[in-house]
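Now for the letters of each chain:
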Amino acid sequence: MNSPQTPLRLRCGRFVLSLERPLVMGVVNVTPDSFSDGGRHATHEAAVRHAHRLIDEGADLLDIGGESTRPGAAAVPASEEIGRIVPVLDALRDCGRPLSVDTRRPETMRAALAHGADLVNDIGALRAPGAIDAVRGSDCAVCLMHMQGEPGTMQQQPTYVDVVAEVVDFLAGRIAAAGEAGIARERLVVDPGIGFGKTLDHNLRLLASLGELATLGVPVLVGVSRKSMIGSLTGRDVDRRLAGSLSAMLAAAMRGARILRVHDVAQSRDALRVWQAIDDAH
Ligand code: YH5
C-alpha cells in the first residue's frame, strides 16, 4: 500500500505532517449532552477539556465536529454548527496539534478556517456547492470521504455492484476535481467512509482491500472506532466496542492507513505502538 507515489507528508495548515508512521486523530464532539441542561458554555467547556485529555493521551490531530452524522440523527443548522465549533477552535488554537473540522458545509468551513482550522474533514468530499471555493484559497489539508446517499437515509439500502471499484472511482473523481480547482495534491487525504451508506459486507470488503485505495497516490484515513460494524460483529453496545475497534484499526493500519480516526486515543496509541515494534523488527 505504501507505493512509491504515495507521499509520506501532508500539508496541513500551519503544520507539515510526517506520515511515515500512522497518526492518531482523536474525535472531539461538540454536541449538547441530552441528559444535562448546562447550555452552550458547558458544552464548549466539556469539549475543550476532552480535547486536552486526548492530547495528553497522545493524539496527533484533533477532529472537531458539531453535527452528528450518525444514521438518523437530526440535521443542525449551519449557524448552530458554527456556534458550536468556533469557540472550541479558539480555545484550542495554541494546543500544538493540527485542528480538523468535521463538516460538509461551506459556511462552516470558511468560519473554521478563519479561526485557525488546519484540516477540513468533509464527509461530502467537497461536493456541496461552494465547498471547493471555501478551501481553495487556504493551505488547509482536505479529507475527501466516500459516502453513498445522505446521512439520514444512507443505511436504508446501500447498493453496489463492486464496492471497492466504485469507492476508488469516486475518490479518483474527487481528487481530480480538487486538482482542477488548484488544490495541491499534497493537501489531500482520502477515506473509504466506513459506515456511510455501506452494509457490514461492504465495510469488510473495503477494509480488506484498502491497498487498492493506495493506487490513488494520496494518504488514506480510516475511521472505524465504535461504529455499527463493530457492534454487528461483536454484538456489543456502543460503549463496549473498544477491543473490536482496536482490532479493526490495526487491520486498517497493516493495510496502509496513515491516519486513524478514533475515540479511545490512549488505547489506540498502545495498540499501534506494539504492532509497529513487531513490524519494525521484520
Ligand atoms: C469517518 O469514518 N466518521 S462521524 C456511529 C457510531 C459511532 C461512531 C453507531 N466522521 C468518519 O464516528 N470522518 C465520522 O456508532 C468521519 N471518516 C471521516 N473522515 C461517525 C462516527 C460514528 C458513527
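This one's a predicted model, so the numbers in the text were calculated from it and none came from an experiment.

The rules behind these values
Residues numbered from 1 in each chain as written. Predicted model: local features only at pLDDT ≥ 70, side-chain atom pairs only at ≥ 80, totals over all residues. Heavy atoms only, no water. Helix = DSSP H or I, 4+ residues; strand = E, 2+ residues; numbered from the N terminus. Rg over C-alpha atoms; globule rule 2.2 N^0.38 Å. Buried < 20%, exposed > 50% of the residue type's maximum accessible area, 1.4 Å probe, protein only. Contact = heavy atoms within 4.5 Å. Areas by Shrake-Rupley, 256 points an atom, 1.4 Å probe, with all protein chains shown as cover. Lys, Arg positive; Asp, Glu negative; His and termini not counted. Charge placed at Lys NZ, Arg CZ, Asp CG, Glu CD. Pairing = 2+ DSSP bridges. Axes fitted to C-alpha atoms, helices over the stretch in contact; angles between N-to-C directions. Near = heavy atom within 4 Å. Polar contact = N/O pair within 3.5 Å; in protein donor to acceptor, adjacent residues only side chain to side chain. Expected span 1.5 Å × (residues − 1). Right-handed = clockwise from strand over helix to strand, strands pointing away.

Caption draft 1: View of the overall build of the protein chain. Secondary structure summary: the protein chain contains 9 helices and 10 strands in total. Relative to the 2.2 N^0.38 estimate, which gives 19 Å for 282 residues, the radius of gyration of the protein chain is 18 Å and therefore close to what a compact globule would have. C-alpha extents for the protein chain along the principal axes are approximately 50 × 45 × 40 Å. Out of the 282 residues belonging to the protein chain, those deemed buried represent 53%. Counted over contacts in the protein chain with a minimum sequence separation of 6, partners at least 24 positions apart contribute 68%. Roughly 12600 Å² of accessible area belongs to the protein chain as shown, and the carbon and sulfur atoms make up 50% of that amount. Between the centroid of the 31 positive side chains of the protein chain and the centroid of its 34 negative side chains there is a distance of 1 Å.

Caption draft 2: How the structure looks around the sheet that holds strand 3 (residues 23–29). Judged by pairing direction, the sheet is parallel, and its 8 strands sit side by side in the order 8-7-6-5-4-3-10-9 without closing on themselves. The open sheet has two edge strands with one neighbour each: strand 8 (188–191) and strand 9 (221–223). Taken over all neighbouring pairs, the strand axes of this sheet differ in orientation by 25° on average, direction set aside. Judged from the 4 bridges that link them, strand 7 (residues 141–145) and strand 8 form a sheet pairing that is parallel. Residue Leu144 lies in a different strand from strand 8, and its bridge partner there is Val190.

Caption draft 3: Here's a closer look at the site of the ligand. Surveying the vicinity of the ligand reveals 17 residues, the closest of which are Asp102, Asn121, Asp191, Lys227 and Arg261. Arg226 is positioned such that a nitrogen or oxygen atom in its backbone is 3.4 Å from an oxygen atom of the ligand. Within the side chain of Lys227, one N or O atom sits 2.6 Å away from an oxygen atom of the ligand. Against a free-state accessible area of 520 Å², the protein chains account for coverage of 91% of the ligand.

Caption draft 4: Representation of helix 5 (residues 163–180) within the structure. Taking 1.5 Å of rise per residue, 18 residues should cover 26 Å, and helix 5 covers 26 Å from first to last C-alpha, within 8% of that figure. Check the buried side of helix 5 and you find it contacts helix 4 (131–136), strand 7, strand 8 and helix 6 (200–208). Gly182 sits one or two positions beyond helix 5 and adopts a positive phi of about 90°.

Caption draft 5: Broad picture of helix 8 (residues 242–254). Between its first and last C-alpha atoms helix 8 spans 18 Å; for 13 residues at 1.5 Å apiece the expected length is 18 Å, and the two agree. Residues of helix 8 that are buried: Gly244, Ser245, Leu246, Ala248, Met249, Leu250, Ala252 and Ala253. Where helix 8 ends, the next residue or the one after it, Gly256, has phi of about 110°, a positive value.

Caption draft 6: The pairing of strand 6 (residues 119–122), seen in detail. Judged by which residues are buried, strand 6 turns out to be covered on both faces: Leu119 and Asn121 on one side and Val120 and Asp122 on the other are all buried. Where strand 5 (residues 99–102) meets strand 6, 3 bridges bridge the pair, whose relative direction is parallel. When the sheet's bridge partners are listed, Ser100 is paired in strand 6 with Leu119. Traced from strand 5 through helix 3 (residues 106–114) to strand 6, the parallel crossover comes out right-handed. Of the strand pairs in this sheet, strand 6 and strand 7 are connected by 4 bridges, and their pairing is parallel. Among the inter-strand pairings, Asn121 is bridged to a residue of strand 7, identified as Cys143. After leaving strand 6, the chain enters helix 4 and then returns to the sheet as strand 7, a path that is right-handed.

Caption draft 7: Spotlight on the environment of Gly124. Positionally, Gly124 belongs in the loop between strand 6 and helix 4. For Gly124, a relative accessible area of 9% corresponds to the buried category. The spatial distance from the C-alpha of Gly124 to the C-alpha of Glu150 is 8.9 Å, given a sequence separation of 26 residues. If we ignore the near neighbours within four places in the chain, the residues touching Gly124 are Arg104, Met145 and Met147.

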